[in-house]
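# Notes for the structure review
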Amino acid sequence: MTNTRAIVDGAGHPAATINEALGHLLAGWVGPGKFDTRLDFAVRDWARRSGPVRRALDLGDAARIEAIFEMFLRHGYARSEADVRARIVYFTQIGYDALDQRESWERRIERVRDYLFCHTGVAPSEAEVGGLVQRLRADLAVEG
């Protein structure tokens, strides 16, 4: 599935720090042409009525969470913490989409520093914040 590949690739992108790694994941998730939110939710809706689709969806969710878990492991987190952080990152992003939040991308981008810190527990550097903000603004064509 294209959406699972976008998350797995984003989580596996080489990075020197956990905040840089999370930035790659998040930018890949929301950037154009990678993760298709409408498709993801259509499949989730279909899975409510189809056992085989539900099984495929469960496998996709598990692969996505595993990739994010492995990302945290690569950056030195204990297995139990990596597992919980992976779930927090995944469920937060899926939750944003499920709730159909009406806040602007600029408002979300303003929160990048705190999102990175809260998801990783590591204060991001100015370079990490600036790099992610620049990439998000370019990918989303957000003025800033």
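Please refer to the structure higher up on the page.
Here the structure is a predicted model, which means the values were calculated and not measured. (Residues numbered from 1 in each chain as written. Predicted model: local features only at pLDDT ≥ 70, side-chain atom pairs only at ≥ 80, totals over all residues. Heavy atoms only, no water.)

Another aspect to go through is the overall build of the protein. The number of helices and strands found in the protein is eight helices and zero strands. Ordered by position from the N terminus, the helices and strands of the protein form the series α-α-α-α-α-α-α-α. Along the first, second and third principal axes, the C-alpha atoms of the protein reach 45 × 35 × 20 Å. Taken over 144 residues, the protein has a buried fraction of 41%. (Helix = DSSP H or I, 4+ residues; strand = E, 2+ residues; numbered from the N terminus. Buried < 20%, exposed > 50% of the residue type's maximum accessible area, 1.4 Å probe, protein only.)

Here the focus is the pattern of salt bridges. Under the counting rule described, the total for this entry stands at 16 salt bridges. Two residues, arginine 107 and glutamate 110, come together in a salt bridge whose shortest N-O distance is 2.9 Å. On the criterion of helical spacing, the pair formed by arginine 107 and glutamate 110 is a turn pair, its members being three residues apart in helix H6 (residues 105–110). Residues arginine 135 and aspartate 139 are paired through a salt bridge, measuring 4.0 Å at the closest nitrogen-oxygen approach. On the criterion of helical spacing, the pair formed by arginine 135 and aspartate 139 is a turn pair, its members being four residues apart in helix H8 (residues 126–140). Taking relative accessible area as the criterion, aspartate 139 reaches 29% and is therefore assigned partly exposed. When salt bridges that share partners are traced, they join Asp40, Arg44, Asp61 and Arg64 into one network. (Salt bridge = Lys/Arg side-chain N within 4 Å of Asp/Glu carboxyl O.)

Before going further, it helps to examine the packing of aromatic side chains. Summed over the entire model, instances satisfying the criterion amount to five aromatic pairs. Arranged with centres 5.1 Å apart and planes meeting at 85°, the rings of phenylalanine 72 and tyrosine 77 form a pair that is edge-to-face. Judged on exposure class, the residue phenylalanine 72 and its partner tyrosine 77 are both buried. Taken together, the ring pairs connect Trp29, Phe35, Tyr90 and Phe91 into an aromatic cluster. Positioned above the aromatic ring of tyrosine 96, the side-chain terminus of arginine 108 is 3.6 Å from the ring centre. (Phe/Tyr/Trp six-rings, centres within 6.5 Å; stacked < 30°, edge-to-face > 60°. Lys NZ or Arg CZ within 6 Å of the ring centre and 35° of its normal.)

Over its 24 residues, helix H4 (residues 51–74) runs 34 Å from end to end, which matches the ideal 34 Å to within 8%, given 1.5 Å per residue. All of the buried residues along H4 are Val53, Leu57, Gly60, Asp61, Arg64, Ile65, Ala67, Ile68, Phe69, Met71 and Phe72. Elements that come into contact with the buried residues of H4 comprise helix H1 (2–12), helix H2 (18–30), helix H3 (37–47), helix H5 (79–98) and helix H7 (112–120). Where H4 terminates, the next one or two residues include glycine 76, which has phi positive at roughly 90°. (Expected span 1.5 Å × (residues − 1). Contact = heavy atoms within 4.5 Å.)

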